[in-house]
Amino acid sequence: MALWAKAQSLPPEALQQVRAIYTDRFPIEVRHFLASWIEEKMWGLEIETDNPQHEQYAANIVADLIHQLETKANSMNSEELLITKYKLMDSANAFKQRYARCPLDLFRLMRHCLNSELKVIQQVENVPMGSMPPGTGLMPDSAAEIAQQVDVLRHRTTETGKLLRQMEQEQENFALHYHECTKLKAHLQHLQSQLINQQNIELEKTVRRQKDISEQTLNQKVSSLLQLRLQLADKLSESVTHLVTLQCRVLDEELIRWKREQQLAGNGAQFNSNLDNIQDWCESLAEIIWLNRQQIKEVERLKQKLTLEPPGVVDVLPNLSIQITQLLSSLVTSTFIIEKQPPQVMKTNTRFTSTVRLLVGGKLNVHMTPPQVKVTIISEAQANALLKNDKIAKGEASGEILNNTGTMEYHQATRQLSVSFRNMQLKKIKRAEKKGTESVMDEKFSLLFQSQFSVGGGELVFQVWTLSLPVVVIVHGNQEPHAWATVTWDNAFAEPGRVPFAVPDKVAWCHVAEALNMKFRYATGRPLTEENLCFLAEKAFRNPNMSDFQNQMLTWSQFCKEPLQERSFTFWEWFYAVMKLTREHLRGPWMDGLILGFIRKKQAQDMLIATNTTSTFLLRFSDSELGGITIAWVGDGELGSQVFMLQPFTHKDFAIRSLPDRIADLQHLVHLYPDIPKDQAFSKYYTPLENQPTSNNGYVKPFLVTHVPGWGGPGPSSTPSYPNTPHMFQAPSPEAGSARDTPSVASHVSDSVSSELEWILSYAGAGAQSAAGEAEYNGSNMDFLEDFDNFDVYLPHPTYRQA
């Protein structure tokens, strides 16, 4: 309670500053009666409210605060504390209602209040602003600051409302006195026209005296009224200035930051959406702007009823009226946002969803006449023209979308006005002419959401629209990798306020590495190491001897246009295939750190030889095969210890048998580099052996075992496993011939039940190789890839009836 005790001993002016910190959102009574508890809980905390790991702890503190508040209120039984008891109970109930959806808001507000309190004390004690007592852990919080500014504006609006009522009353009193004064003047004129006698003279003196007093009072009222008008105009002007500043902060900082984080989430960045907070601020702004606008209009109406303009004073109300209306228009149009973006890689004739929300809809009662929202797809050029002219030609679109209209609905529980499009489908797309090396996967589109609605009983009509993040339209799955390259580059390197959808042609490697790491971590569950990123830099720049590459500029062409050396694929295609393989088949081992992956062949050889232990192995991603992973191990060769590398496995191989099961099959693999027993590393991923020797239909189930010729026959591993064996057989990845960067040993699949299965699998392998050859021959036609992906040789299982 040291901080609160210091605050109570401050001089009156400073103490008033402290009292001003606490508003209805966090009453000063709560601070006073729970001072000790608050400082104990908040002091020394290094909590980041945007860190999900800290969210629950902060939420627990808020729940405990409400509990402490209720306990404290219930303990106040004396009549002297009855009013305080009710205040504390009201505060507890208000906290529950106001912060039920987002308890972190209350935590941020508490931290902000303590921080502001500490600043006042430091100013009085002449302590430098930057020096805080060790372990305070109090940092400025933008959310709490905005909430406090909103409260200040509400207070100012209440004050101007009181002044407006005072002005209206004084103007009514002035009208009454003016009427009385006019009557006295008329009476005086009537007396002056009468015969002069003593009685009339006395009466005339009395009336004249009353008239003079009335005129004097009237002059005072005019002066007071003019002063009140000027005071009110100044305060309204100040309120508008404060509103402009706060709205710029909410829309141009907080909302733009939310949109940027939403875009980065498309690359896999963690997205802690604070859209509900932003809606609260925008709704508060809408309410305050509307009240100030009504006050300005009311002042103008009163002035028209009584024209009193002091000489040399400029009437600021007309400009204020225009400014406040523009402020409201900007707020409404800026808060028509896409809460859930459509897919950025969009395939034609495929269903997709999206959600649009108007953050101020509930507060402005827009839902009383529910607005319609229409969705169209437009090209980059059309988006550019739209931003320049704020309109687009009627009916102009770059494609046809089914189910593209919807009605916004107000959800009372969440106070959200939104519409969710759940069944949209892109049927057609019009493409622009391509130049140079451009392809359809380089072309960006955007979904345009448009609506119109009115507020204030039709007083104001708003045309609103918003653009989605850039979208790449594909018609075939083989276009997906390059489309994701376009989207990833745009999401990572788009700058605020850009011309749609301009991105830099080259970027420093440090930023590219950050984007790749973000993407890989999201897909696989574990980030890339510095060594991984160094390997990727060498690969991207086609230079294995690079040392300082952080600030080297990587071009878009190097990223996804130019093939790697002696390869038929680009850097991005290689990286994307590795990421896809890891996500779909290797996520667990990768997260456990069992896969080195990003390592060159020569480095892998040197590392294995250095162990001086045969049967030690490691796992590395293939340089020569897209989405391939190979096993490298130390064995006894003709010249002593030698490193062997198995022909890379791909997703087709893992669809038959998982990597851990294949490693378990190979008895000559004993230790995972550097010296981890393979069963210790991989046993939790082995497929359990079924106890039943036969299936329900009486047949014996064979299982597949990976076997490397010349390295011992197949046999049970130390931890038996049972593979997931599909009812179709696919060959291992075909040899790439001279395209490989390393000689490899091919693995074969054998049947522990019958050698007949080996013949079947070899036959299937020949069929797959034949298909691969045919696909390569027809390489000019991209459609073959879909057939090749689905190619399977259907052969009957060998079956053995149970004895």
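Rules behind the numbers
- Per chain, residue numbering runs from 1 following the sequence as it is written.
- Reporting in this predicted model follows two pLDDT cut-offs: at least 70 for local features of residues, and 80 or more for side-chain atom pairs to be given and counted; totals over whole chains, interfaces and linings ignore these cut-offs and use all residues.
- Neither water nor hydrogens contribute to the side-chain values; these are computed over all heavy atoms in the structure.
- UniProt positions are given in the numbering used here, feature names are shortened, and annotations may be inferred rather than shown by experiment.
- Note on pairing: two strands pair once DSSP finds at least 2 bridges between them.
- Elements are defined by DSSP. Helices are runs of H or I of four residues or more, strands are runs of E of two residues or more, and each kind is numbered from the N terminus.
- Pairing of aromatic rings covers Phe, Tyr and Trp, the last counted by its six-membered ring, and requires centre-to-centre distances within 6.5 Å; plane angles under 30 degrees mean stacked, over 60 mean edge-to-face, and any other angle means tilted.
- Accessibility here uses a 1.4 Å probe with only protein chains present; expressed as a share of the type maximum, an area under 20% marks a residue as buried, one over 50% as exposed, and anything in between as partly exposed.
- Cation placement over rings: the criterion is NZ of Lys or CZ of Arg within 6 Å of the ring centroid and within 35° of the ring normal.
- Each patch is assembled from residues with relative accessible area greater than 30% and no salt bridge, linking like charges that lie within 9 Å and nonpolar side chains (Val, Leu, Ile, Met, Phe, Trp, Tyr) that lie within 5 Å.
- A 1.4 Å probe and the Shrake-Rupley method give the accessible areas. Residues count as covered only by the protein chains that appear here.
- Counted as salt bridges are all cases of a side-chain nitrogen of Lys or Arg within 4 Å of a carboxyl oxygen of Asp or Glu.
- In this analysis, two residues are considered to be in contact whenever any of their non-hydrogen atoms come within 4.5 Å of each other.
- Note on definitions: angles span 0 to 180 degrees between N-to-C directions of axes, and those axes are lines fitted to C-alpha atoms, for helices only across the stretch in contact.

If you look the protein up in an unreviewed UniProt entry, it shows as Signal transducer and activator of transcription from Thrips palmi. Of the protein, the UniProt comment under Sequence similarities (unreviewed entry) reads exactly: "Belongs to the transcription factor STAT family."

In spatial order, the strands read E16-E15-E14-E17-E18; together these five strands make up an open sheet with mixed pairing. Pairing within the sheet leaves two strands with one partner each, and these edge strands are strand E16 (640–645) and strand E18 (676–677). Bridge count for strand E15 (residues 629–637) against E16 is six bridges, and the pairing is antiparallel. When the bridges of E16 are listed, Gly635 appears paired with Gln642.

With that settled, the discussion passes to the packing of aromatic side chains. According to the stated counting rule, one finds 28 aromatic pairs in the structure shown. Measuring from centroid to centroid gives 6.1 Å for Trp590 and Phe598, while their planes differ by 85 degrees, and the two rings are edge-to-face. Judged by its relative accessible area of 0%, Trp590 falls in the buried class. The class for Phe598 is buried, based on a relative accessible area of 5%. When the centroid spacing of 5.8 Å and the interplanar angle of 45 degrees are considered together, the rings of Phe649 and Phe654 count as tilted. Comparing Phe649 with Phe654 shows no difference in burial state: the two are buried. Over the ring of Trp590 we find Arg526, and its NZ or CZ is 3.9 Å from the ring centre. Geometry around Trp574 places Lys539 over its ring, the cationic atom sitting 4.5 Å from the centre.

A few words on a nonpolar patch on the surface. Taken together, the side chains of Leu82, Tyr86 and Met89 define a hydrophobic patch exposed on the protein surface, amounting to about 270 Å² of accessible area. By secondary structure assignment, the location of Met89 is in helix H6 (residues 82–98).

This next bit is on the environment of Cys181. Its place among the elements puts Cys181 in helix H8 (residues 142–192). Cys181 sits 33 residues away from Ser214 along the chain, and the two C-alpha atoms are 5.7 Å apart. Leaving out residues up to four positions away in the same chain, Cys181 has contacts with Lys211, Ser214, Glu215 and Leu218.

Now for the sheet that holds strand E9 (residues 445–455). Strands sit in the order E6-E4-E9-E10 across an open sheet of four strands; the sheet is antiparallel. Only two strands of the sheet have a single neighbouring strand rather than two, namely strand E6 (405–407) and strand E10 (460–467). Sheet twist, expressed as the average angle between the axes of neighbouring strands with direction ignored, equals 25 degrees. On the sheet, helix H11 (residues 317–334) packs against E9 and E10 and is oriented at approximately 40 degrees with respect to E10. In this fold helix H12 (residues 380–389) packs onto strand E4 (372–379), E9 and E10, with an angle of close to 120 degrees to the strand it touches most, E4.

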